Amino acid sequence: MKTTTLQNVFRIILGLLMGLAGIGHLTFQREEFQAQVPRWLPNDPAFMDFVVLASGVTEIAFGLAMIFWTRHKVKVGIALAIFYVLIFPGNISQYTNGIDAFGLDTDRKRLIRLFFQPVLILWALWSTGALKYLFNQSNR
């Protein structure tokens, strides 16, 4: 699937952001990311840390794939969009449980954060050409 220069720039930016987020999971924002582990999962600190570390490794892999695995960018975009859907319950949990992290220290800020997840999903799909691919598939 051919993509425009603008799409490629946004794909690389998203890849860099994913890599940075993944590094944050593993290092300097590790505790902040634990606030987004859904509270319906086991509340054991070791398990929560494992979830943060595993998602960090996953995000680094997605970041690298978004930048370098251009041959499969549509598949990577779809997979990243699915990943964003799968981690969304963590954002909902942060909101519903009133957990402060990343400067989200009010219910209003945490609620506004929820509306950015669809933006990330669309960004992943649009920048990789996956959105056009999916529309073409649905019109067949």
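Residues numbered from 1 in each chain as written. Predicted model: local features only at pLDDT ≥ 70, side-chain atom pairs only at ≥ 80, totals over all residues. Heavy atoms only, no water.

1. Looking at the packing of helix α4 (residues 73-96) against helix α5 (residues 107-114)
Let me state the cut-off plainly: Geometry is summarised by axes, namely lines fitted to C-alpha atoms with helices restricted to the contacting stretch, and by angles between N-to-C directions that run from 0 to 180 degrees. By definition, any uninterrupted DSSP run of H or I lasting at least four residues is a helix, any uninterrupted run of E lasting at least two residues is a strand, and each is numbered from the N terminus. For classification purposes, an angle smaller than 35 degrees is called roughly parallel, one larger than 145 roughly antiparallel, one from 65 to 115 roughly perpendicular, and anything else oblique. Left-handed describes a crossing whose near helix is turned anticlockwise from the far helix through less than a right angle; right-handed describes the clockwise counterpart. Residue contacts are defined here by distance: any two heavy atoms, one from each residue, within 4.5 Å place the two residues in contact. Under the scheme applied here, ten amino acids are nonpolar (Ala, Val, Leu, Ile, Met, Phe, Trp, Tyr, Cys and Pro), four are charged (Asp, Glu, Lys and Arg), and all others, including Gly, are polar.
Their axes nearest at 9 Å, the elements α4 and α5 cross at an angle of 165 degrees. On the basis of their axis angle, the class for α4 and α5 is roughly antiparallel. For the element pair α4 and α5, the recorded crossing hand is left-handed. Along the contact surface, α4 presents Phe88, Asn91, Ile92, Gln94 and Tyr95, while α5 presents Asp107, Arg110, Leu111, Arg113 and Leu114. Among the residues making up the contact of α4 with α5, the classes are represented as 5 nonpolar, 2 polar and 3 charged.

2. Some remarks on the layout of surface pockets
This is how it is decided: Residues are called lining when one of their atoms sits within 4 Å of a cavity or pocket point, these points coming from a 1 Å grid over the protein atoms alone, where a cavity is a set in which a 1.4 Å probe fits but cannot get out and a pocket is an open set with protein on both sides within 12 Å along at least five of seven lines. Grid points are joined across faces, edges and corners, and a volume is the space filled by probe spheres set on the points.
Its volume calculated, the largest pocket comes out at about 820 Å³. Lining the largest pocket are 32 residues, and of these Phe33, Gln36, Glu59, Ile87 and Arg113 lie nearest its centre. Those elements that place two or more of their residues in the lining of the largest pocket are α1 (5-26), α3 (45-68), α4 and α6 (116-127). Across the lining of the largest pocket, the residue classes break down as 24 nonpolar, 6 polar and 2 charged.

3. Describing the confidence of the model for the protein chain
One rule of thumb: low pLDDT means the predicted coordinates there are not for detailed reading. Quick note on the threshold: Every residue carries a pLDDT, the predictor's confidence in it, which falls somewhere between 0 and 100.
For the protein chain, the average pLDDT comes to 95, and 100% of its residues sit at 70 or higher. Here helix α2 (residues 30-34) stands out as the least confident element of the protein chain, with mean pLDDT 90; α1 is the most confident, with 98.

4. Digging into the environment of Phe33
Within the secondary structure, Phe33 sits in helix α2. Between the C-alpha atom of Phe33 and that of Asp100, which follows or precedes it by 67 residues, the distance is 11 Å.

5. Notes on the packing of aromatic side chains
We count it as follows: In summary, the pairing rule links any two rings of Phe, Tyr or Trp, Trp by its six-membered ring, whose centres are within 6.5 Å, and it sorts them by plane angle into stacked for under 30 degrees, edge-to-face for over 60 and tilted for everything else. Remark: exposure states derive from per-residue accessible area (1.4 Å probe, protein chains only) relative to the maximum for the residue type, with buried under 20%, exposed over 50%, and partly exposed in between.
A full pass over the atoms with the stated rule returns 5 aromatic pairs. Each ring, one from Phe10 and one from Trp126, has its centre 5.8 Å from the other, and the planes form 70 degrees; the classification is edge-to-face. Highlighted residues: Phe10 in helix α1 and Trp126 in helix α6, separated in sequence by 116 residues. Judged by its relative accessible area of 34%, Phe10 is partly exposed.

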